[in-house]
Amino acid sequence: MQADYIIIGAGSAGCVLANRLTEDPGTRVLLIEAGGRDWNPLIHIPAGFFKMLDHDTLTWKFRAEPDPGTNGRAIVYTRGRVIGGSSSINGLIYIRGQPEDYDHWAQLGNRGWSWDDCLPYFRKAERWEGDGSAVRGKDGPLFTSKTDRPAICATVIEAGKEIGLEYREDVNDLPPDHKDCIGWCQQTRGGRRRASTARTYLHPALKRPNLQLVTKALVHRVLFDGKRAVGVEFSRGGVVERADAAREVILSAGAIGSPHILQLSGVGDPDHLGRIGVPVVHESRGVGKNMQDHYVRARLLPDRRRPDRQRALARPAARRRGRALADHRQGHADLQPVDRRGLGQGA
């Protein structure tokens, strides 16, 4: 098996890469995914994400290590194992982040990663349901939309304003040096269907003869010729296979999967590789370290003005469905409301 480019992981990044690279009909691309196709209907119904956060076949079933800060509990760490990756099973939140973070990356020497460098690509990617502007794009493949605005969450917005948070109608249009603020989150959703990268990027590209998708295939390692990546070893159906890359191997297996595969391939901290018995191909001590993520707190907020709703929320099934997610407190408030009437919202 051979291609010009081998992409490991058909997730949020891999689907985009497969689409863009195969725009050239002379470029052959092999896309390898550990999970299966996105045929489960829960994927495409926004409310279905509640049932997928720890799904037996659509996620990797990861757990964080027990920690004193979680009272010794191992917290579920959701990562998608299906085409579209976590964009097929997450809460659909579309949040670009703070301009200052991008500018900081550029200041560290990462050319091309400042906010002004990245903004054109955000605009190119999205198909925003509102009006186009210098910040929002209208012609891209990725559907983005406003969320429903239930009254209980509007009350939270008002409370935030009362304690001095600036209200922003569009939390993806933040000026540099903005104040701490609050606003309504947005979604990757087109109509009433999830807009995963599988739906928006991969499915159209699968019609091209120069793209081959291999599913339910677990990558063991990247193969090297000296310091050059030349192929991939993977298994499917209990059989170990090899694929050779004429040009590049692209590793897009996610925040957990990518460093894991690098380490299995001999790229990482020599001390760690020695402990796990992997020969060093290339020393890179930062692999597998310095990951940052947000912690989400769940809260059940019954509507005391509606006794019938209180009774409904007391039932176990309803308790699993109704919740509100608090802000991330990463520089600006990120309200993530979930209401039983509009379950297409979340983290």
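If you're wondering where the values come from, they're calculated on a predicted model, not measured in any experiment.

## What to know about a nonpolar patch on the surface
Taken together, the side chains of Trp105, Leu108 and Trp113 present a nonpolar region at the surface, about 350 Å² in accessible area. Mapped onto the elements of the fold, leucine 108 is located in the loop between α3 (99-107) and α4 (115-125).

## Focus: the packing of aromatic side chains
Two aromatic rings, taken as a pair, are described by how far apart their centres are and by the angle between their planes. Following the criterion strictly, the structure yields seven aromatic pairs and no others. On the basis of an interplanar angle of 10° and a centroid distance of 5.9 Å, the ring pair of tryptophan 60 and phenylalanine 62 is categorised as stacked. Classification of tryptophan 60 by relative accessible area gives partly exposed; the value is 29%. With a relative accessible area of 27%, phenylalanine 62 lands in the partly exposed category. With a centroid separation of 6.0 Å and an interplanar angle of 90°, the aromatic rings of tyrosine 102 and phenylalanine 122 are classed as edge-to-face. One end of the pair, tyrosine 102, is in helix α3; the other, phenylalanine 122, is in helix α4, and 20 residues separate them in sequence. Each member of the pair, tyrosine 102 together with phenylalanine 122, is buried. Across the ring face of tryptophan 128, the terminal group of arginine 136 is positioned such that the distance to the ring centre comes to 3.9 Å.

## Considering the nonpolar core
In this structure, Leu31, Leu202 and Leu211 are the most contacted members of the largest nonpolar core, which totals 24 residues. Those elements giving two or more residues to this core turn out to be β1 (2-8), α1 (12-21), β2 (29-32), α4, α6 (197-205) and β13 (211-214). If you look at the next biggest cluster of nonpolar residues, it comprises 15 residues, including Ile8, Leu30, Val214 and Val222.

## Section: the pattern of salt bridges
The tally for this structure, following the rule as stated, stands at 18 salt bridges. Two residues, aspartate 244 and arginine 242, come together in a salt bridge whose shortest N-O distance is 2.6 Å. Given the relative accessible area of 26%, aspartate 244 is considered partly exposed. When its relative accessible area of 46% is taken as the criterion, arginine 242 is described as partly exposed. What you see here is one network of salt bridges that share partners, running through Asp269, Asp271, Glu283, Arg285 and Lys289.

Reading guide: rules and limits
- Residues numbered from 1 in each chain as written.
- Predicted model: local features only at pLDDT ≥ 70, side-chain atom pairs only at ≥ 80, totals over all residues.
- Heavy atoms only, no water.
- Patch = residues over 30% accessible without salt bridge, like charges linked within 9 Å, V, L, I, M, F, W, Y side chains within 5 Å.
- Areas by Shrake-Rupley, 256 points an atom, 1.4 Å probe, with all protein chains shown as cover.
- Salt bridge = Lys/Arg side-chain N within 4 Å of Asp/Glu carboxyl O.
- Helix = DSSP H or I, 4+ residues; strand = E, 2+ residues; numbered from the N terminus.
- Phe/Tyr/Trp six-rings, centres within 6.5 Å; stacked < 30°, edge-to-face > 60°.
- Buried < 20%, exposed > 50% of the residue type's maximum accessible area, 1.4 Å probe, protein only.
- Lys NZ or Arg CZ within 6 Å of the ring centre and 35° of its normal.
- Core = buried A, V, L, I, M, F, W, Y, C linked by side-chain atoms within 4.5 Å.

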